[in-house]
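For reference, the chains in residue letters:
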Amino acid sequence: MNTRNLLVSCVKGVGRVQLHRPHVLNALNRELIRELVQVLEEMDQQDEIHVILISGGDRFFAAGADIDEMADASAVDMLVTDPFSDWDRIRRISKPMIASVGGYALGGGCELAMICDMIIASEKAQFGQPEINLGVMPGAGGTQRLTRAVGKAKAMEMVLTGRPITAREAFQAGLINRVVPTELLENESMKLAQEVAAKAPVALRLAKQAVLRSFDTTLKEGLDYEQKLFYLLFATHDQEEGMKAFKEKRPPRFFGK
């Protein structure tokens, strides 16, 4: 699809989406988010795409929401326009999503990275929820996903002070998967994406579902859900191929069926 705020491509099973509003540090306005939702939902339906990689610029992944769109809004305006409904659609993407963060991921930018399933960051990246400095608070998952990732104490500090943390601090806190040299970010992000994309597509989707379900249910219910999805995969060609390839000591050839 044609987009004004995104650069979109597909490489070896990886759908690549780059935020592209450099003149405003990739601020997330409604138009960009709507384009992002449409692109992600299209990629979610394309058989040739197994993993989605979301990136920004070298200095800014995304500087947060576009304040110009909200500064004069009333509570009723926010309720009626419901800007976070599009974020719920991003949350429902079934394919694995990886965020490649090369600079500041602040406010909505941090929330967008956290809605992804994995985050890889450059040494120069920083993560923060500075909404408190504007008299508001995170609204697209910042208080919830951040707390689940780094714990109450660190989340409270980040949300209540608005101070960002470095990539190294984010890694140590459990917010991101790895930190890489800035010049290697693109290659390392694509390497991780292609490693995941080489796996059985249906198994990837169901494994993602099972991990995410663990945040919303009891251990017993989560285990029951995991087992049902495990059994379901025995109806797929890829399960048969994967186990046959293992026995024959050769790489499997997965087809997403």
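Residues numbered from 1 in each chain as written. Predicted model: local features only at pLDDT ≥ 70, side-chain atom pairs only at ≥ 80, totals over all residues. Heavy atoms only, no water.

The name given to the protein in an unreviewed UniProt entry is Enoyl-CoA hydratase, with Kroppenstedtia pulmonis as the source organism. In its Sequence similarities (unreviewed entry) section, UniProt records this for the protein: "Belongs to the enoyl-CoA hydratase/isomerase family." (UniProt positions renumbered as here; feature names shortened; annotations may be inferred.)

S.K.: Where do I start with the overall build of the protein in this structure?
M.R.: On a plain count of helices and strands, the protein comes out with 11 helices and 10 strands. Taken over C-alpha atoms, the radius of gyration comes to 19 Å for the protein, in line with the 18 Å a tight globule of 257 residues would show. Reported as C-alpha extents along the three principal axes, the dimensions of the protein are approximately 60 × 40 × 35 Å. Residues counted as buried form 43% of the 257 residues belonging to the protein. (Helix = DSSP H or I, 4+ residues; strand = E, 2+ residues; numbered from the N terminus. Rg over C-alpha atoms; globule rule 2.2 N^0.38 Å. Buried < 20%, exposed > 50% of the residue type's maximum accessible area, 1.4 Å probe, protein only.)

S.K.: Which parts of the structure should I look at to understand the sheet that holds strand β10 (residues 178-180)?
M.R.: By definition, the strands of a sheet pair up through backbone hydrogen bonds, in either a parallel or an antiparallel sense. The six strands are arranged β1-β2-β3-β5-β7-β10 in an open sheet whose pairing can be described as mixed. For this open sheet the edge positions go to β1 (6-11) and β10, each flanked by a neighbour on one side alone. Within the sheet, the average angular offset between the axes of one strand and its neighbour, ignoring direction, is 20°. In terms of strand pairing, strand β7 (residues 118-122) meets β10 through three bridges, oriented parallel. (Pairing = 2+ DSSP bridges. Axes fitted to C-alpha atoms, helices over the stretch in contact; angles between N-to-C directions.)

S.K.: Would you mind going over the environment of Ala210 with me for this structure?
M.R.: Mapping Ala210 onto the fold places it in helix α9 (residues 201-213). Sequence separation between Ala210 and Tyr225 is 15 residues, and the spatial gap between their C-alpha atoms is 7.0 Å. When neighbours within four sequence positions are excluded, Ala210 is seen to be in contact with Tyr225 and Leu229. (Contact = heavy atoms within 4.5 Å.)

S.K.: Help me understand helix α10 (residues 219-232) in this model?
M.R.: Structurally, the α-helix is built with 3.6 residues per turn, so residues lying three or four positions apart point the same way. With 14 residues, α10 ought to run about 20 Å at 1.5 Å a step, and its terminal C-alpha atoms sit 20 Å apart, in line with that. Residues of α10 that are buried include every one of Gly222, Tyr225 and Leu229, and no others. The buried side chains of α10 occupy one side of the element, clustering within an arc of 65° when seen end-on. When the buried face of α10 is taken as reference, the exposed residues oriented beyond 90 degrees from it are Leu219, Lys220, Lys228 and Tyr231. (Expected span 1.5 Å × (residues − 1). Arc of directions from axis to C-beta.)

S.K.: Quick question: what am I supposed to make of the packing of helix α5 (residues 142-150) against helix α6 (residues 152-161) here?
M.R.: The relative placement of two packed helices is expressed as an angle between their axes plus a distance between the axes. Orientation of α5 relative to α6, taken along the N-to-C sense of each, is 140°, at an axis distance of 7 Å. With respect to α6, the axis of α5 lies oblique. In this structure, the crossing between α5 and α6 has a hand that is right-handed. Facing α5, whose interface residues are Leu146, Thr147 and Val150, α6 presents Lys152, Lys154, Ala155, Met158 and Val159. Grouping the amino acids of the contact of α5 with α6 by side-chain chemistry returns five nonpolar, one polar and two charged. (Parallel < 35°, antiparallel > 145°, perpendicular 65-115°, else oblique. Left-handed = near helix turned anticlockwise from the far one by under 90°. Nonpolar A, V, L, I, M, F, W, Y, C, P; charged D, E, K, R; others polar.)

S.K.: Any chance you could explain the pairing of strand β5 (residues 97-101) here in plain terms?
M.R.: Side chains on a regular strand alternate between the two faces of the sheet. Burial runs high along β5: five of the five residues are buried. Side chains Met97, Ala99 and Val101 project from β5 onto one buried face, and the interleaved Ile98 and Ser100 project onto a second face that is buried too. Inspection of the sheet shows strand β3 (residues 51-55) paired to β5 by four bridges, in the parallel sense. Along β5, the bridge assignment pairs Leu53 with Ile98. Of the pairings in the sheet, the one linking β5 to β7 comprises four bridges and is parallel in character. Bridging across to β7, Ser100 finds its partner in Ile120.

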